[in-house]
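# Commentary on secondary and tertiary structure
Each chain, written out:
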Amino acid sequence: MNTNREHLCDVLVIGSGAAGLSLALRVAERAKVIVLSKGPLSEGATYYAQGGIAAVFDEADSIESHVNDTNIAGAGLCEQDTVQFIAENAKECVQWLIDGGVPFDQVETAKDEAPRYHLTREGGHSHRRILHAADATGMAMQTTLQDNVLSHPNIEIFERYNALDLITEDKVGGRKDKVVGAYIWNRNQEHVETVRAKFVVLATGGASKVYQYTSNPDVSSGDGIAMAWRSGCRVANLEFNQFHPTCLFHPDARNFLLTEALRGEGLT
Ligand SMILES: Cc1cc2nc3c(=O)[nH]c(=O)nc-3n(C[C@H](O)[C@H](O)[C@H](O)COP(=O)(O)OP(=O)(O)OC[C@H]3O[C@@H](n4cnc5c(N)ncnc54)[C@H](O)[C@@H]3O)c2cc1C
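Per an unreviewed UniProt entry, the protein goes by L-aspartate oxidase and derives from Vibrio variabilis. According to UniProt, the comment filed for the protein under the heading Catalytic activity (unreviewed entry) is "L-aspartate + O2 = iminosuccinate + H2O2". Listed in UniProt under the heading Sequence similarities (unreviewed entry), the comment for the protein reads: "Belongs to the FAD-dependent oxidoreductase 2 family. NadB subfamily."

A few words now on the sheet that holds strand S3 (residues 53-54). Strand order in the open sheet made by the three strands is S3-S7-S6, with antiparallel pairing throughout. Sheet topology places S3 and strand S6 (119-120) at the edges, where each strand pairs with a single neighbour. Note: S6 against strand S7 (residues 130-131), two bridges, orientation antiparallel. In the sheet register, threonine 120 faces S7, and the bridge partner there is isoleucine 130.

What surrounds the ligand is a group of 33 residues, the closest being Ser16, Thr46, Gly52, Ala163 and Asp223. The separation between an oxygen atom of the ligand and a polar main-chain atom of glycine 51 is 3.1 Å. Burial of the ligand by the protein chains amounts to 84% of its free accessible area of 1,000 Å². Class assignment for the residues of the shell around the ligand results in 12 nonpolar, 16 polar and five charged.

Turning our attention to unusual backbone geometry. A positive phi angle, close to 50°, is found at alanine 75, a residue other than glycine. For alanine 75, the position within the fold is in the loop between helix H3 (63-73) and helix H4 (80-99). Its relative accessible area of 61% is what places alanine 75 among the exposed residues. Of note in the backbone geometry, glutamate 190 takes a positive phi value of approximately 55° without being a glycine. With respect to the secondary-structure elements, glutamate 190 resides in the loop between strand S10 (179-186) and strand S11 (191-202).

Next up on the list: the packing of helix H1 (residues 18-27) against helix H5 (residues 137-150). In a packed pair of helices, the relevant descriptors are the angle between the two axes and the axis-to-axis distance. Close contact between H1 and H5 brings their axes to 10 Å; oriented N to C, the two are set at 35°. As H1 packs across H5, the resulting crossing turns out to be left-handed. Within the contact between the two elements, H1 uses Ala18, Leu21, Ser22 and Leu25 and H5 uses Met141, Gln142, Leu145, Gln146, Asn148 and Val149.

Basis of the calculations
Residues numbered from 1 in each chain as written. Predicted model: local features only at pLDDT ≥ 70, side-chain atom pairs only at ≥ 80, totals over all residues. Heavy atoms only, no water. UniProt positions renumbered as here; feature names shortened; annotations may be inferred. Pairing = 2+ DSSP bridges. Helix = DSSP H or I, 4+ residues; strand = E, 2+ residues; numbered from the N terminus. Near = heavy atom within 4 Å. Polar contact = N/O pair within 3.5 Å; in protein donor to acceptor, adjacent residues only side chain to side chain. Areas by Shrake-Rupley, 256 points an atom, 1.4 Å probe, with all protein chains shown as cover. Nonpolar A, V, L, I, M, F, W, Y, C, P; charged D, E, K, R; others polar. Buried < 20%, exposed > 50% of the residue type's maximum accessible area, 1.4 Å probe, protein only. Axes fitted to C-alpha atoms, helices over the stretch in contact; angles between N-to-C directions. Left-handed = near helix turned anticlockwise from the far one by under 90°. Contact = heavy atoms within 4.5 Å.

Written out as structure tokens, the structure is:
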């Protein structure tokens, strides 16, 4: 492949949604990070998420109940260790977002009281456990994380760069199962460049855009899954895709999600 430019970093994060930006911020305390986004930095499923994010904040709620609801919604197919881990760690992760400045809606409290968050309900949850920023939670998360990433001295952002393929060490006479970087397409100047990194993180989101009708954005085309597969990773559970039951359809416009709170609050 013809490449014009090589970049070096400790950690290459492919994807600038909630997953990629959160990870970048956490590792940037100790490492030089490059974050790639295929389109504009904000373009991904995260920006379009509306309803909110689930965590046990209410005293009347419990981890056990969150695990139970998740298992019911997952029709018995969920991996128990994963469900337990997520339910147990959700509050701490949401607190990390709050500390980073994400403006989740609060209920009014007395001046000397600690802030309390407004909790809504969404489909499948037996308790109020959804923290939200009005009905644009993803936008609030994405823009806050972006501000934090953009002001971090250890993070470099490559906007409008498509990761094309991972580079495995066998290309330079080493192991086939070791990833040492990626070929990237500079969309601004229309040429291929390379990134050499100690660690490469795939945070490229989902693949729902393979379907004609989806609430997901165009960038959700499964690139990371394909790159991982081509580099020798096993892939699994590809049959699971997010479909929202409440979308607005108009023949001349891009369809979009009608809030999930409609269902959770029993309005549909
Ligand atoms: C309309 C909608 C509503 C939703 N509502 C909720 C909700 O209320 N609550 C909830 O918990 N979840 C919700 N979700 C799901 C949630 O948004 C996603 O699970 C989450 O945002 C995924 O984050 P991510 O960082 O993994 O992916 P994304 O946010 O999709 O980010 C993927 C990133 O990868 C980049 N990328 C992809 N391919 C390449 C490539 N080849 N090279 C370089 N970069 C690449 C993209 O540019 C993007 O920056 C909703 C999703 C949608 C679409």
